[in-house]
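# Working through the structure, step by step
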Amino acid sequence: MAIHSHAEFDPSSNTSTEEGLQKVLNRLVNKMQRDALIRQTTTQLREHLQVDRVVLYYFYWQWHGQVTFEAVSSERFSILGSTGPDECFNEQYAALYLAGRIKAIADIETELITPCHRDFLRNLQVRANLIAPILTNRRLWGLLVAHHCQGTHIWSQSDIEIIQVAAQTLATSPYILGERE
């Protein structure tokens, strides 16, 4: 959260007030454009991949994050606001995603994953998932994740490429790039 000087909002100083209000307005417009881009991306991905849910998992602090956007086929699949178990996502996983890892799991019940990870996915009703990192300025900003809940899902090379392109599109958006500067 930015701290603004009193002068930015001092009514006796019209120029400073106008500049302060313009900065606030610009931040609001950028946030609205970012939100619209993410909402459009998650919705189009869900429809194209024909899955139950696509989410954006945003990292707000050192590998701690939360689902901040989702597109779902039914409200019963909503996990908006969910956070991940901190003990499951650690430096090792972060390093893989920082290196650009795309992870496709057709069936969480047969995939070699940690019990913590499997339990976490089960609690979210996930049976299959596809994950791509959103990398900005060599930082892991978030994860773009497709979940299929009603059964297994074989991910095609085309599916993997489309989620990767969507993640790169988000990562290079000026509305996301400028967010942490």
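The structure under discussion appears in the preceding block.
The model shown is predicted, which means the values in this text are computed figures rather than measured ones.

The next subject is the environment of Glu161. Along the chain, the position of Glu161 falls in helix 4 (residues 157-171). Its relative accessible area of 42% is what places Glu161 among the partly exposed residues. In this structure, the C-alpha to C-alpha distance between Glu161 and Ile102, residues 59 residues apart in sequence, is 9.4 Å.

In this model helix 4 runs 21 Å from its N-terminal to its C-terminal C-alpha over 15 residues, within 8% of the 21 Å that 1.5 Å per residue would give. Burial in helix 4 covers these residues: Asp159, Ile160, Ile163, Ala166, Ala167, Leu170 and Ala171. Take helix 4 and look down its axis: the buried residues cluster within an arc of 140°, on one side only.

The next point concerns the packing of aromatic side chains. Centre-to-centre distance and the angle between the planes together describe a pair of aromatic rings. This model, assessed by the stated rule, comprises three aromatic pairs. Residues Tyr58 and Trp141 carry aromatic rings whose centres are separated by 5.0 Å and whose planes lie at 65° to one another, so their mutual orientation is edge-to-face. With a gap of 83 residues between them, Tyr58 in strand 1 (residues 53-61) and Trp141 in strand 5 (residues 139-148) connect regions that are remote in the sequence. Among the residues examined, Trp141 registers a relative accessible area of 2% and is labelled buried. Three or more aromatic residues joined by ring pairs make a cluster, and in this case those are Tyr57, Phe59 and Trp63.

The element strand 4 (residues 128-136) is largely enclosed, with a buried count of eight among its nine residues. When strand 3 (residues 103-105) meets strand 4, the two strands line up antiparallel, connected through three bridges. Its bridge partner lying in strand 4, Ile105 is registered against Asn129. Sheet topology note: the strand 4/strand 5 ladder contains nine bridges and is antiparallel. The residue of strand 5 that forms the bridge with Thr136 is Arg139. Adjacent in sequence and paired antiparallel, strand 4 and strand 5 are bridged by two residues, among which Asn137 carries a positive phi angle near 50°.

Reading the values: rules and limits
Residues numbered from 1 in each chain as written. Predicted model: local features only at pLDDT ≥ 70, side-chain atom pairs only at ≥ 80, totals over all residues. Heavy atoms only, no water. Helix = DSSP H or I, 4+ residues; strand = E, 2+ residues; numbered from the N terminus. Buried < 20%, exposed > 50% of the residue type's maximum accessible area, 1.4 Å probe, protein only. Expected span 1.5 Å × (residues − 1). Arc of directions from axis to C-beta. Phe/Tyr/Trp six-rings, centres within 6.5 Å; stacked < 30°, edge-to-face > 60°. Pairing = 2+ DSSP bridges.

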